[in-house]
Amino acid sequence: MVRKIVSIIITCGLLVVGASGCAKTNSTDGNNLNSGEGEVTTIKFGIHVADPETQEKVTYDIAQAFNQKYDGQYKVEFEAADTESHTKNMKLQASDGTLPHIFWMDSSEAPEYAKAGYLTDLSAFLSEYSDVDKALDESVKAAFKSDILYGLPYQCNVEGFFYNKEIFEELGIDAPANGTTFEQLLEIIAACNNAGYTPIAQGCMNSSYAIWGYLALMDRYGYSDYIYDILDGKEKFNNANMKACFEKLETLGKSNAFANNMATQEYFDAKELFMTGKAAILNTGAWDCAELDEKMGDKVGFWWGPTVSDSTYDQQAAMKVPSAPLCVSAKIEEDEKVKDAVYKFLEFYYSEEAAKMSYEGSAFPATNYTGIEAGETQYALAEVMKSIDEEWVSPASQPDQILSVAVQSQLYDSVFGVLLGNYTPDEALDKIDQQMAY
Amino acid sequence: MYWLSKKRYIIGLTVPTLVVYCLYIIMPIIMAVGYSFTKYSGIGKAEFNGISNYKRLFADETFWVAFKNTMIIFGAAFVLLLVVAFFVALLLNNHLKFTDVSKSLIFSPAIIAPIIVGIIWVYILDPEVGALNALLDAIGLSGWKQQWLGGDKLSPYSISIIYFWQQLGYLVTIYIAGLKMIPEEVMEAARIDGASAVQKLRHITIPLMKSTISTVAVLLITGIFKIFEIVQQTTGGGPNHISETLVTYSYSTTFGNSEYGYGMSLATITFLVSLLITAAYLGFFREKEA
C-alpha cells in the first residue's frame, strides 16, 4: 500500500513539475493588473536595458517623477531586460497576449506588431491630449505611421562623431568641424597614426548597430531620397551613389582609421579607448554625453562627419532623428482604467517637465519645447547643441531603421565588411540586394 | 525490487519521464522542423514556404563558412580531446606525486562558465591586447604574431584550443572513472606474463575502455556542435560571419535577423549533421566490437 502511494505521489509530482513549466505566471500578466476600484493602477513598461536606473536614467527618473506626482493613483513598473532579451520577450509576450502596456520596440519590428494587431492606435491619444500633439513635430509622428499611429518616439537620436580637443591641440592640427571634407579627414587620420593615436574608435564585435556616424554620410550620397525606390524594387542598393559612399568607407579602412583589433572590439571597448585618451574620434551618439562629461569634461567636441565632393546631394546632412518608438499594447483598450493610466503617463512623458529632465540627463527628448539649454557642466551636450544650431538637415527617419530587421543586419554587416576590408563595395552592396530578395 | 518489475509500476514511473521528454525534447524538435518550412519573423503567423529555406541554405555562402568552421573545430577538438584526455587520464591514474593537485588543476576550467572562459581567452588571444602576441613581442618573435581571433583564418582553430582547454578536465575525469573499472587482477596477470606498458595499453586498457571511449566520443560530438558562448564571447561569429559556427549562425539568423523560419532550417541541418556523425561513429564502433 505504502509503495502504491509513493508511486502515485512521484508520478503526480513529476507531472505537476512538468506541467508547471507551461503555465503562465500572473506576475507578468500585466494587462489586468490592479485595475480594480480604489487600487493603484500599475502601468507595465517594457524597457530594453537590464537596469533602467543606471542605463536609462532619464526614463527611470521620469517614471519616478510620474509615480510621485500620481502617488496612490498610478504607478509605472519596469519590465527590464537587455535589448536582445527584451526583443525576444516582446515576441513571446505578444504571442500569449501578455505584452506590457507600454514598451520600447525596435523601429524595424514595430510595423509588424502593428500589422499583427498587437498595438493600439495612438492617434486617439494625440487627439485627446493636444498639448502633446503640438509638442511632437509632424515629421516625428510620420516616422511611426502605417494604417495606424503605432508608436511615438522614445527619444531623439543625435548621432555623429565626438573628438578629443586635447589630442588635436597636441598634434597641432585643426579639429574637425561641420564642413570638414573627407580628404581633410584622411589627413587627420594620417596625423593620428603618426603620433600613435587610434584615429577613430569604432566598436564592431557584437556591436554591428554602431554605424551611426556613417548614416549621415549615406545621406550625403542621397540615401533618404531613393531608399523607398529601393524598397519598392525600382532601384538597387548597388547603385552609383551608394557605391561611391561605400568606396569612402573602404578608403577609411585602408587608411588605418581604426584600431587593429577593431574586429574584436565592442562598442563599449571603443568608448573606453576614446575616453582614456587613446583615440582621437569616437563614432557614437548624444546618449553618451553624460558619460563623456563625467570622464572627459570640456575636452570633447562634436562633428556631423565628413562632407564629400563626388556627390550631387546636399552635404549639410545631419542625423537628428526620432529614436525607436514607444508602443502601447492593444490590450489597454479592454480596460478603461489602464487606458487612462497609460494616457496619463504618455502625457507626462512628453511634457515640458519631462523634456527638462531629459536635457538635465543629457538626453534629447522627442518633443520640440524651446528655451531649454544645457547646464554649465554639460559640455558634450552643449557641443552637440552647437552643431544642431547650425541647422543642417536631418532625414525624417534614421536610415537603417527604415529597413526590415534582416536587411538592416545585412547593411551593418556590409558596412563593417568594407571597413575591415573583407568585402569590396560591390560585394557589400550586392549582399544587401540579395537579402532584400528573401 | 520485486514490485518495480510489475508492469503497472514500470508504466507508472516511465510515463512521467516520457511526458517530460516528449514535451521538452521531442516537441521542440518537431516544432523547429515545422518552422523550417515557413517564413516567420516571430510576430504574427508563420507562412508556409515549402523548401525555400533549404534551397536558400545550400546557396548561402555564410552557411558553408559556418559549416566549414564547425567541421574544423570538430576535427581539431575531437581528435585532440579524445586522444590527449585519454593519455592524461592514464598519467593521472598512476600513483604519482601531486596527482590530486594535478587532477584539480586540470578539472578547474570545466567549472568555469563558458562565457567567462571566452573572456579569459580574449585577454590571451586578442591580436592587440592579448598576452600571446605580447609574449611573442617580448621574446623577439614579433614575426610570429598572428590574428588569433577576428582574422579570416585562425579563429576556428583558436576556438578549438579554447574548447580543448575547457573540456579536458571533464573528459579526463570520465576516462579515469573508466580506468578504475579495469580489474586489477587482469593488469596483475599481464605484468606477471611480462607484458610491456605498450602491450598492456593496446591489448588490455584500450579494449576494456571501449565503452568509455564511446561515451566520451558521443559527448564530444554533441558538445562540439553546441559550442556557442565561446564563439559569441571571443568573436561574436564575426567579423562578417567569418568565424561563425552552425549554432551561432542559426542563433544570429533567428534572433538577430528575426528570420525564424530560416534559422530553424539551419538548426535542423545542424541537428541532422550531429545525428549522422554520432550514428556513423557508433555504427563503426559497434562493427569493430562485433
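All values reported here derive from a predicted model rather than from experimental measurement. (Residues numbered from 1 in each chain as written. Chains lettered and ligands numbered in written order. Predicted model: local features only at pLDDT ≥ 70, side-chain atom pairs only at ≥ 80, totals over all residues.)

Trainee: In this structure, what is going on with the overall build of chain B? I would like to understand it.
Mentor: Tallying secondary structure elements over chain B gives 13 helices and 2 strands in all. When its C-alpha atoms are laid out on the principal axes, chain B stretches across 75 × 70 × 30 Å. Within chain B, buried positions represent 34% of all 290 residues. Long-range contacts, defined as pairs at least 24 residues apart, comprise 67% of the intrachain contacts of chain B with a sequence gap of at least 6. (Helix = DSSP H or I, 4+ residues; strand = E, 2+ residues; numbered from the N terminus. Buried ≥ 20, exposed ≤ 12 C-beta atoms within 10 Å, placed from the backbone. Contact = placed C-beta atoms within 7 Å.)

Trainee: Explanation requested: the overall build of chain A in the structure shown.
Mentor: Scanning chain A from N- to C-terminus turns up 20 helices and 10 strands. With respect to the three principal axes, the spread of C-alpha positions in chain A is 85 × 55 × 45 Å. By the burial criterion, 49% of the 438 residues in chain A qualify as buried. Across chain A, the fraction of contacts at a sequence separation of at least 24, relative to all contacts at a separation of at least 6, is 80%.

Trainee: Would you take a moment to explain the nonpolar core for this structure?
Mentor: Buried together is how nonpolar side chains tend to be arranged in soluble globular proteins. Counting 127 residues, the largest nonpolar core has Y113, A279, C327, V342, F345, A380 and V415 of chain A as its most contacted members. A per-element tally of this core places helix α19 (residues 405-420) of chain A first, with 8 residues. Two domains share this core, each providing at least three of its residues, namely domain 1 (24-153 + 324-360) and domain 2 (157-321 + 378-437) of chain A. Excluding residues that lie within four positions of it along the chain, V342 of chain A makes contacts with I43, H101, I102, V328 and I332 of chain A. Core analysis: the next-biggest nonpolar cluster, separate from the first, contains 48 residues, F63, L149, V172 and I269 of chain B among them. (Core = buried A, V, L, I, M, F, W, Y, C linked by C-beta atoms within 7 Å. Domains from an automatic or database assignment.)

Trainee: Would you mind showing me how to read the packing of helix α13 (residues 240-254) of chain A against α19 of chain A here?
Mentor: Any two packed helices are characterised by the angle at which their axes cross and by the distance between the axes. All names here are of chain A. Interhelical geometry of α13 versus α19 gives an angle of 45 degrees and a closest axis separation of 6 Å. Overall, the two elements α13 and α19 adopt an arrangement that is oblique. Facing α13, whose interface residues are F246, L249, E250, L252 and G253, α19 presents V415, V418, L419 and L420. Class assignment of the residues belonging to the contact of α13 with α19 gives a composition of 7 nonpolar, 1 polar and 1 charged. (Axes fitted to C-alpha atoms, helices over the stretch in contact; angles between N-to-C directions. Parallel < 35°, antiparallel > 145°, perpendicular 65-115°, else oblique. Nonpolar A, V, L, I, M, F, W, Y, C, P; charged D, E, K, R; others polar.)

Trainee: I would appreciate a short explanation of the sheet that holds strand β10 (residues 325-328) of chain A in the present structure.
Mentor: Residues and elements named next belong to chain A. The 5 strands are arranged β2-β1-β3-β10-β4 in an open sheet whose pairing can be described as mixed. Each edge of the sheet is formed by a strand with only one pairing partner; in this case those strands are β2 (74-80) and β4 (152-153). Of the strand pairs in this sheet, strand β3 (residues 102-104) and β10 are connected by 3 bridges, and their pairing is antiparallel. Residue pairing in the sheet places F103 in a bridge with C327 of β10. Lying on the sheet, helix α16 (residues 336-349) is in contact with β1 (41-47), β2, β3 and β10; it crosses β1 at an angle near 55 degrees. (Pairing = 2+ DSSP bridges.)

Trainee: Any chance you could explain the domain arrangement of chain A here in plain terms?
Mentor: The parts lose accessible area when they come together, and the size of an interface is often stated as this lost area. Residues and elements named next belong to chain A. Looking at the assigned domains, one finds that chain A contains domain 1 (24-153 + 324-360) and domain 2 (157-321 + 378-437). Summarising the inter-unit geometry, the C-alpha centres of domain 1 and domain 2 are found 31 Å apart. Contact with domain 1, which involves 6 residues of that partner, is made by 7 residues of domain 2. Considering only residue class, the side of domain 1 that touches domain 2 consists of 2 nonpolar, 3 polar and 1 charged.

Trainee: When you look at the confidence of the model for chain B in this model, what are you seeing that I'm missing?
Mentor: Low pLDDT means the predicted coordinates in that region are not meant to be read closely. Here chain B averages 89 in pLDDT, while 97% of its residues score no lower than 70. Here the complex is predicted with pTM 0.83, and the ipTM for its interfaces comes to 0.77. (pLDDT = per-residue confidence, 0-100.)

Trainee: What should I look at first to understand helix α5 (residues 114-125) of chain B in this one?
Mentor: Since there are 3.6 residues in each turn of an α-helix, residues three or four apart along the chain are aligned in direction. Residues and elements named next belong to chain B. If you check α5, its first and last C-alpha atoms are 16 Å apart, about what 12 residues at 1.5 Å a residue would give, namely 16 Å. Within α5 the residues assigned to the buried category are V117, G118, W121, V122 and L125. Each buried residue of α5 lies within a common arc of 140 degrees when the element is viewed along its axis, so the set occupies one face. For α5, the elements touching its buried residues are α6 (131-138), α7 (155-180) and α11 (229-234). (Expected span 1.5 Å × (residues − 1). Arc of directions from axis to C-beta.)

Trainee: Before we go on, may I ask you to explain unusual backbone geometry in this structure?
Mentor: Backbone phi values are negative for most residues with the exception of glycine, while trans is the configuration of most peptide bonds. Residues and elements named next belong to chain A. The backbone of N256 shows a phi angle near 60 degrees, a positive value even though the residue is not glycine. Despite not being glycine, E391 has its phi angle at roughly 60 degrees, a positive value. On the secondary structure map, E391 appears in the loop between α18 (379-389) and α19. What makes E391 exposed here is the crowd of 9 C-beta atoms within 10 Å.

Trainee: I keep staring at the environment of Y170 of chain B and nothing clicks. Help me out?
Mentor: Residue and element names in this part refer to chain B. Within the secondary structure, Y170 sits in helix α7. The class of Y170 is partly exposed, set by 19 C-beta atoms lying within 10 Å. The spacing of Y170 and F107 is 63 residues in sequence and 6.0 Å in space, taken between C-alpha atoms.

Trainee: Sorry, what's going on with the confidence of the model for chain A here?
Mentor: Counting all residues, the mean pLDDT for chain A is 89, and 91% of those residues have values of 70 or more. In the predicted structure, residues 21-36 of chain A sits below a pLDDT of 50 and forms 22 contacts with residues beyond four places in sequence or in another chain.

Trainee: Got a minute to help me understand helix α12 (residues 223-231) of chain A in this structure?
Mentor: All names here are of chain A. Three or more residues of α12 are buried, namely Y223, S224, I227 and I230. Seen along its axis, α12 keeps its buried residues to an arc of 100 degrees; they face one direction. The exposed residues of α12 that point more than 90 degrees off its buried face are Y228 and D229. Elements in contact with the buried residues of α12: α11 (212-220). Residue G233 follows α12 closely and has a positive phi angle near 85 degrees.

Trainee: Honestly, the pairing of strand β7 (residues 279-285) of chain A in this entry has me stumped. Any pointers?
Mentor: Within a regular strand, the side chains alternate between the two sheet faces. Residue and element names in this part refer to chain A. Taken across its 7 residues, β7 has 7 buried, putting it largely inside the fold. With 5 bridges connecting them, strand β5 (residues 156-164) and β7 associate as antiparallel partners. Note on β7: the bridge partner recorded for E159 is G285. The pairing of strand β6 (residues 198-201) with β7 spans 3 bridges and is parallel. Pairing of T198 across the sheet is with A279, part of β7.

Trainee: Help me understand the environment of V300 of chain A, please; the structure alone is not making it clear to me.
Mentor: Inspection of the secondary structure puts V300 of chain A in strand β8 (residues 300-303). Spatially, the C-alpha atoms of V300 of chain A and V384 of chain A are 10.0 Å apart, while their sequence positions differ by 84 residues.

Trainee: Honestly, the environment of W104 of chain A in this entry has me stumped. Any pointers?
Mentor: Residue and element names in this part refer to chain A. You can see W104 is positioned in strand β3. Residues W104 and L231, spaced 127 residues apart in sequence, show a C-alpha to C-alpha distance of 25 Å. Apart from the residues within four sequence positions on either side, W104 is in contact with G46, I47, H48, Y154, A324 and L326.

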